[in-house]
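Spelled out, the chains give:
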Amino acid sequence: MNAPDANTRFAPRHILGIEGLSPDQITSLLDAADGFVALNRRREKKGESLRGLTVINLFFETSTRTQTSFEMAAKRLGADVINMSVATSSIYKGESLIDTAMTLNAMRPDVLVVRHPHSGAVELLSQKVTCAVINCGDGSHEHPTQALLDALTIRRRKGTIAGLVVTICGDIAHSRVARSNIHLLTAMGARVRVVGPPTLIPAMIERMGVEVFHDMVAGLADADIVMMLRLQLERMHGTFVPSLRENFHFYGLDEDKLAAAKPDALIMHPGPINRGVEIDTSVADDIDRSVITEQVEMGVAVRMACLEAVTAHQEAASP
Amino acid sequence: MNGEAPRAFINARLVDPASGMDGRGAVLVADGVIQDVGPGLFADGVPERVEAVDCQGRVLAPGLIDMRVTLHETGETHKENLQTASQAAIAGGITTMAVVPGPKQGIETPAQVEYLIARGRETGLTDVRPYGGITKGTAGETLTEMGLLSEAGAVGFTDGNRALADADTLRRALTYITRFGVPLIQHPEEPSLAAEGQVNEGEISTRLGLKGIPAVAEVIMIERDVRLVELTGGRYHAAHVSTAAGIDAIRAAKGRGLKVTCDTAPPYFGLNETAIGEYRTFAKLSPPLRSEEDRLAVIEGLRDGTIDAVASDHLPQDPDSKRLPFAQAEPGAVGLETLLPLVLELHHGGVLTLDQALAKVTSAPAAILGLEAGRLAKGAPADLVLIDAEVPWVIREAGLVSKSKNTLFDGRPVQGRCLATVFRGRTVYSTGA
């Protein structure tokens with residue numbers, strides 16, 4: 001079902017990041033996800049393509065929305081899903097990441113969906129297991145399914161990604177969402193800007209193909225898409241912004257600053273949103289422009305597409 | 001004294017950076033000491049009572065002196081111990097190891113210094129020369145018994161891979177050691193700028209989402225320290241310098257006639273930060289691998305003599321310490337067995353003459369640490385290395401003698417290797433070639 005031509009469909013062993021994916025591969029995932037959006041809006045949502053397969057959601061960092069989204073995606077494709085939350089402290093105390101991975105792998109799951117507080121940890125884990133691995137966030141490195149769901153939201157609203165001006169605002173330094181989005185959007189031909197206080201713009205980010213702004217109004221000028229990020233206080237050691245109100249004054253999205261963007265600019269946020277910290281309530285709830293809840297809907301479809309993509313390979317392998 | 005026959009190493013190309021000698025000649029050793037050396041020696045043949053060793057025209061140089069080795073002796077001995085490190089050292093032509101304290105094995109009592117020296121003697125493969133810690137527990141607060149440690153045989157003072165950050169403590173340490181004539185060795189990295197840092201700050205830290213350590217963390221520490229050297233007159237040595245700005249600061253200090261020296265290690269001239277690739281933890285070092293511009297500045301520093309010496313920075317780590325998410329992995333790489341061929345890269349690459357390249361690992365560290373070794377001279381310890389300076393080979397992790405195999409040069413083609421190592425007149429290592 002919903003299977004495009006099997007010969008052209010992108011079927012990677014793992015999905016660990018957006019960096020290195022070609023526009024065709026990204027488009028293949030987005031096309032597949034588009035099909036699942038329609039399915040998810042039907043009364044009968046149950047698919048068959050992962051029937052009999054086991055998906056383990058392995059979360060070394062707490063999450064509600066991403067874990068729920070993946071669980072729902074896997075169940076809608078007919079898979080059995082197990083959620084495992086591993087407190088980071090127990091990793092320090094005893095079992096290493098690799099031992100945890102190998103233990104779970106021995107139970108023969110088909111897909112491990114992994115989130116970890118350390119950059120690179122999911123890739124390390126993927127090297128030690130025989131099942132497919134989907135990265136759903138590793139430290140400040142990548143969060144590929146978030147970038148894909150953002151891209152799907154943009155593509156469905158704007159028809160295309162190429163040529164759009166996308167402004168990503170906020171805590172760029174600590175954000176895996178920003179990195180994955182930069183890789184994806186630049187690969188697809190968008191013009192990407194990042195806006196934030198100088199302390200939250202990481203070194204040499206221009207080399208990733210973005211323009212840097214510290215003045216939010218200048219960064220928003222004629223933007224088609226405004227992507228807001230929250231301050232990741234849990235990853236900050238020391239002061240990066242003096243106060244939340246000061247942050248809102250300069251980098252909070254409100255009607256005044258938004259006026260610089262195109263009139264039909266879309267407002268996006270990966271959530272959870274902090275009203276009054278990075279986004280004003282009136283803007284977040286603007287039903288004409290805010291697509292924040294639509295992003296959540298696209299999230300399930302994108303994750304269904306990713307789960308199918310990494311298991312298509314296994315189908316082909318087994319007789 | 002030891003009853004062994006005197007030995008003559010004849011038909012050698014003698015390269016002695018200390019004296020500038022480079023030419024055909026022979027060395028006579030007996031009782032662990034060089035009895036005679038020179039171009040004319042044994043021109044008329046070797047006397048009957050002397051055992052002759054034909055060097056077949058290969059390079060005979062002083063045994064290498066490695067200024068910075070972590071042994072893990074009495075600490076994490078599953079990673080390395082004095083025996084395994086000594087065997088790795090002699091396989092690399094190293095006959096003197098200066099041993100640094102680590103966070104898990106301090107060297108802060110005279111007994112610890114004496115123990116390491118005694119264990120070295122017992123092993124009988126290399127000369128083991130411990131440093132003393134500058135501060136207790138390398139915590140940067142209370143000075144160790146530097147005088148007693150010095151009398152016990154400490155060749156200098158260092159807190160290993162922890163910078164001594166407190167300016168007043170450093171000032172007093174530099175002042176105090178002026179009485180003992182030994183150097184203070186600093187890990188030049190401003191700790192608050194390096195806190196939680198994993199890699200060099202720049203494009204790679206941003207792409208990988210790892211906390212970066214800015215290059216200025218090095219020069220800030222060196223420039224401050226140089227002011228204290230000027231104030232105190234203490235001897236100061238900056239370990240493993242890795243940045244263009246840090247090297248410039250040393251160059252300027254030397255230009256002003258201050259007692260400042262420095263060294264670097266092969267990763268900082270042989271590799272840059274791109275070796276990290278996708279979170280390769282073997283390439284996690286302290287200081288971190290730097291940019292290509294910095295690497296070229298290290299080479300220039302070696303060429304113009306700003307960087308006096310090259311140390312291996314041997315820091316063994318077992319797989320469990322490296323097979324972790326990057327931020328949790330331990331820093332460090334083994335280096336004893338690869339020091340010589342990587343220093344010879346500087347020669348083959350046209351940066352240094354053979355004599356200058358060998359000086360970085362013989363006469364220069366000897367001068368900094370005040371050692372008798374590191375030269376081919378009458379009365380010096382009979383520590384020698386026989387080198388085929390031209391032979392091409394490939395560094396292989398599996399071929400390492402060291403207990404830990406965490407090299408970042410696996411698969412690297414190099415030119416030149418140690419054929420035999422002589423320690424106190426005895427051949428302790430030979431490839432048989």
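The structure displayed is predicted, hence computed values, not measured ones.

1. Structural notes on the overall build of chain A
Piece 1. Each helix and strand in chain A was counted, giving 12 helices and 9 strands.
Piece 2. Counting only C-alpha atoms and orienting by the principal axes, one finds that chain A spans roughly 60 × 45 × 35 Å.
Piece 3. Counting over 319 residues, chain A shows a buried share of 58%.
Piece 4. Partitioning the contacts of chain A with sequence separation of at least 6, the portion at a separation of at least 24 is 75%.
Piece 5. When the accessible surface of chain A is totalled, it reaches about 13,100 Å², and 52% of it is carbon and sulfur.

2. Things to note about the overall build of chain B
Piece 1. Tallying secondary structure elements over chain B gives 14 helices and 18 strands in all.
Piece 2. In terms of C-alpha radius of gyration, chain B reaches 21 Å, essentially the compact-globule figure of 22 Å for 433 residues.
Piece 3. Dimensions along the principal axes, computed over C-alpha positions, put chain B at roughly 65 × 45 × 45 Å.
Piece 4. Scored against the burial criterion, the 433 residues of chain B give a buried share of 62%.
Piece 5. By sequence separation, contacts in chain B at least 24 residues apart represent 74% of the contacts at least 6 residues apart.
Piece 6. Measuring between centres, the 42 positive side-chain charges of chain B sit 1 Å from its 55 negative side-chain charges.

3. With respect to the interface of chain B and chain A
Piece 1. Taken together, the contacts link 17 residues of chain B with 24 residues of chain A.
Piece 2. Summed over both sides, the interface between chain B and chain A buries roughly 1,700 Å², with carbon and sulfur atoms accounting for 58% of that surface.
Piece 3. The tally of links from chain B across to chain A stands at 2 salt bridges.
Piece 4. Note that Glu19 of chain A is salt-bridged to Arg207 of chain B, the shortest N-O span being 2.8 Å.
Piece 5. If you look at where chain B meets chain A, you find 6 residue pairs in polar contact (both at pLDDT 80 or more).
Piece 6. Classifying every residue of the side of chain B that touches chain A gives 7 nonpolar, 4 polar and 6 charged.

4. Observations concerning the sheet that holds strand S1 (residues 54-59) of chain A
All names here are of chain A.
Piece 1. With parallel pairing, the 4 strands of this open sheet are ordered in space as S2-S1-S3-S4. In this open sheet, the two strands that pair with only one neighbour each are strand S2 (80-85) and strand S4 (132-138). Within the sheet, the average angular offset between the axes of one strand and its neighbour, ignoring direction, is 15 degrees.
Piece 2. As paired strands, S1 and strand S3 (residues 111-116) are joined by 5 bridges and run parallel to one another. Bridge pairing in S3 links Phe59 to Arg115.

5. A short note on the side chain of Ser242 of chain B
Residue and element names in this part refer to chain B.
Piece 1. Among the secondary structure elements, Ser242 is positioned in the loop between strand S13 (236-238) and helix H8 (244-255).
Piece 2. Look at Ser242 and you get buried, because its relative accessible area is 1%.
Piece 3. A polar atom in the side chain of Ser242 sits 3.1 Å from the side chain of Arg290.
Piece 4. Every residue in contact with Ser242, bar those within four places of it in the chain, is listed here: Glu218, Tyr268, Pro287, Arg290, Asp294 and Val298.

6. A short note on the nonpolar core
Piece 1. Core analysis: the largest hydrophobic core is formed by 88 residues, its most contacted members being Met97 and Ile387 of chain B.
Piece 2. Top contributing element to this core by residue count: helix H12 (residues 339-348) of chain B, with 6 residues.
Piece 3. Filtering out sequence-adjacent residues up to four positions away, Met97 of chain B remains in contact with Asp66, Val69, Leu71, Ala85, Ser86, Ala89, Thr126, Asp127, Val128, Arg129 and Leu336 of chain B.
Piece 4. With 67 residues, the next largest nonpolar core counts Val111, Ile161, Met208 and Met298 of chain A among its residues.

7. Examining the pairing of S4 of chain A
Residues and elements named next belong to chain A.
Piece 1. In terms of burial, S4 is largely enclosed, as 7 of its 7 residues are buried.
Piece 2. One ladder, built from 5 bridges, connects S3 with S4; its direction is parallel. Paired with Leu112 across the strands is Val133, a residue of S4.
Piece 3. Remark: the S3/helix H5 (residues 121-126)/S4 crossover connection has right-handed handedness.

8. Details of helix H9 (residues 244-251) of chain A
Residues and elements named next belong to chain A.
Piece 1. Of the residues making up H9, those classed as buried are Asn247, Phe248 and Tyr251. What you see down the axis of H9 is that its buried residues fit within an arc of 100 degrees, all on one side. Along H9, the residues that are exposed and aim more than 90 degrees away from the buried face are Arg245 and His249.
Piece 2. On its buried face, H9 sits against strand S6 (191-195), helix H8 (216-220), strand S8 (225-228) and helix H10 (255-258).

9. Comments concerning the packing of helix H7 (residues 216-232) of chain B against H8 of chain B
All names here are of chain B.
Piece 1. Viewed as axis vectors pointing N to C, H7 and H8 meet at an angle of 15 degrees, and their least axial separation amounts to 8 Å. When the axis of H7 is compared with that of H8, the two are roughly parallel. Here H7 and H8 pass one another in a crossing that is right-handed. Residues Glu218, Val219, Ile222, Glu223 and Val226 of H7 pack against Ala245, Gly246, Ile247, Ala249, Ile250 and Ala253 of H8.
Piece 2. By residue class, the composition of the contact of H7 with H8 is 8 nonpolar, 1 polar and 2 charged.

So, how was this worked out
- Residues numbered from 1 in each chain as written.
- Chains lettered and ligands numbered in written order.
- Predicted model: local features only at pLDDT ≥ 70, side-chain atom pairs only at ≥ 80, totals over all residues.
- Heavy atoms only, no water.
- Helix = DSSP H or I, 4+ residues; strand = E, 2+ residues; numbered from the N terminus.
- Buried < 20%, exposed > 50% of the residue type's maximum accessible area, 1.4 Å probe, protein only.
- Contact = heavy atoms within 4.5 Å.
- Areas by Shrake-Rupley, 256 points an atom, 1.4 Å probe, with all protein chains shown as cover.
- Rg over C-alpha atoms; globule rule 2.2 N^0.38 Å.
- Lys, Arg positive; Asp, Glu negative; His and termini not counted.
- Charge placed at Lys NZ, Arg CZ, Asp CG, Glu CD.
- Buried area = accessible area lost by both parts, 1.4 Å probe.
- Salt bridge = Lys/Arg side-chain N within 4 Å of Asp/Glu carboxyl O.
- Polar contact = N/O pair within 3.5 Å; in protein donor to acceptor, adjacent residues only side chain to side chain.
- Nonpolar A, V, L, I, M, F, W, Y, C, P; charged D, E, K, R; others polar.
- Pairing = 2+ DSSP bridges.
- Axes fitted to C-alpha atoms, helices over the stretch in contact; angles between N-to-C directions.
- Core = buried A, V, L, I, M, F, W, Y, C linked by side-chain atoms within 4.5 Å.
- Right-handed = clockwise from strand over helix to strand, strands pointing away.
- Arc of directions from axis to C-beta.
- Parallel < 35°, antiparallel > 145°, perpendicular 65-115°, else oblique.
- Left-handed = near helix turned anticlockwise from the far one by under 90°.

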